[in-house]
Amino acid sequence: PPRGQLPVMEATRRIFEAGSSCEVSQMLSVGGQRRGSISFNNYECRSIAQEPSDGDKPTVEFRLASASLDGEWIATWARICAGVVRFAFYASPTEYLDVIKRMDGAEYDVLDLLDDLGLIAEAEVAEQRLKQKREEWELKFVESK
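Predicted, not measured: the structure shown is a model, and the values here were computed from it.

Peer 1: When you look at the nonpolar core in this model, what are you seeing that I'm missing?
Peer 2: In summary, soluble globular proteins display a tendency toward joint burial of nonpolar side chains. Of all hydrophobic cores here, the largest spans 14 residues; its most connected members are Trp73, Phe87, Leu114 and Ala126. For this core, the secondary-structure elements that each account for two or more residues are helix 4 (71-90), helix 6 (110-116) and helix 7 (120-132). Considering each element in turn, this core owes the most residues, four residues, to helix 7. Excluding residues that lie within four positions of it along the chain, alanine 126 makes contacts with Trp73, Leu111 and Leu114.

Peer 1: Just to check I follow, could you spell out the packing of helix 4 against helix 7 for this structure?
Peer 2: Packed helix pairs are specified by the crossing angle of their axes together with the interaxial distance, meaning the distance between the axes. Packing of helix 4 against helix 7 leaves a shortest axis separation of 10 Å and a crossing angle of 130 degrees. On the basis of their axis angle, the class for helix 4 and helix 7 is oblique. For the element pair helix 4 and helix 7, the recorded crossing hand is left-handed. Along the contact surface, helix 4 presents Glu72, Trp73, Thr76, Arg79 and Ile80, while helix 7 presents Glu122, Val125, Ala126 and Arg129. In terms of residue class, the contact of helix 4 with helix 7 is made up of four nonpolar, one polar and four charged.

So, how was this worked out
- Residues numbered from 1 in each chain as written.
- Predicted model: local features only at pLDDT ≥ 70, side-chain atom pairs only at ≥ 80, totals over all residues.
- Heavy atoms only, no water.
- Core = buried A, V, L, I, M, F, W, Y, C linked by side-chain atoms within 4.5 Å.
- Buried < 20%, exposed > 50% of the residue type's maximum accessible area, 1.4 Å probe, protein only.
- Helix = DSSP H or I, 4+ residues; strand = E, 2+ residues; numbered from the N terminus.
- Contact = heavy atoms within 4.5 Å.
- Axes fitted to C-alpha atoms, helices over the stretch in contact; angles between N-to-C directions.
- Parallel < 35°, antiparallel > 145°, perpendicular 65-115°, else oblique.
- Left-handed = near helix turned anticlockwise from the far one by under 90°.
- Nonpolar A, V, L, I, M, F, W, Y, C, P; charged D, E, K, R; others polar.

See the structure below:
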């Protein structure tokens, strides 16, 4: 993993060993800041304990997508976000942990994850986008065996 990041299995172990949702929320924050790439802030203990105000909704915010006016990509990204949440909600513990274990492999990438989540069509669109943005994003592709 990149410097300062935990391997998937170690990070997962720490989350499963957490004693409360407050601990999980704290672990998922980025250096104590509230604006990570995926925000679970509405699920923090202090948020759950308070009576929701009119504008508050218990949402998970995804902030990983780059700006785009490409309608196909916007629709694909929305299906990916919904698919990730759907998988996390409905997958059996065994299925969920199997995917997490595979994520720890050096050869595993985002396209493998989308396939594992059943987002086959979305993986195809994402693969084309990665190829189109290869130079701009300075991507390096590993030949599959």
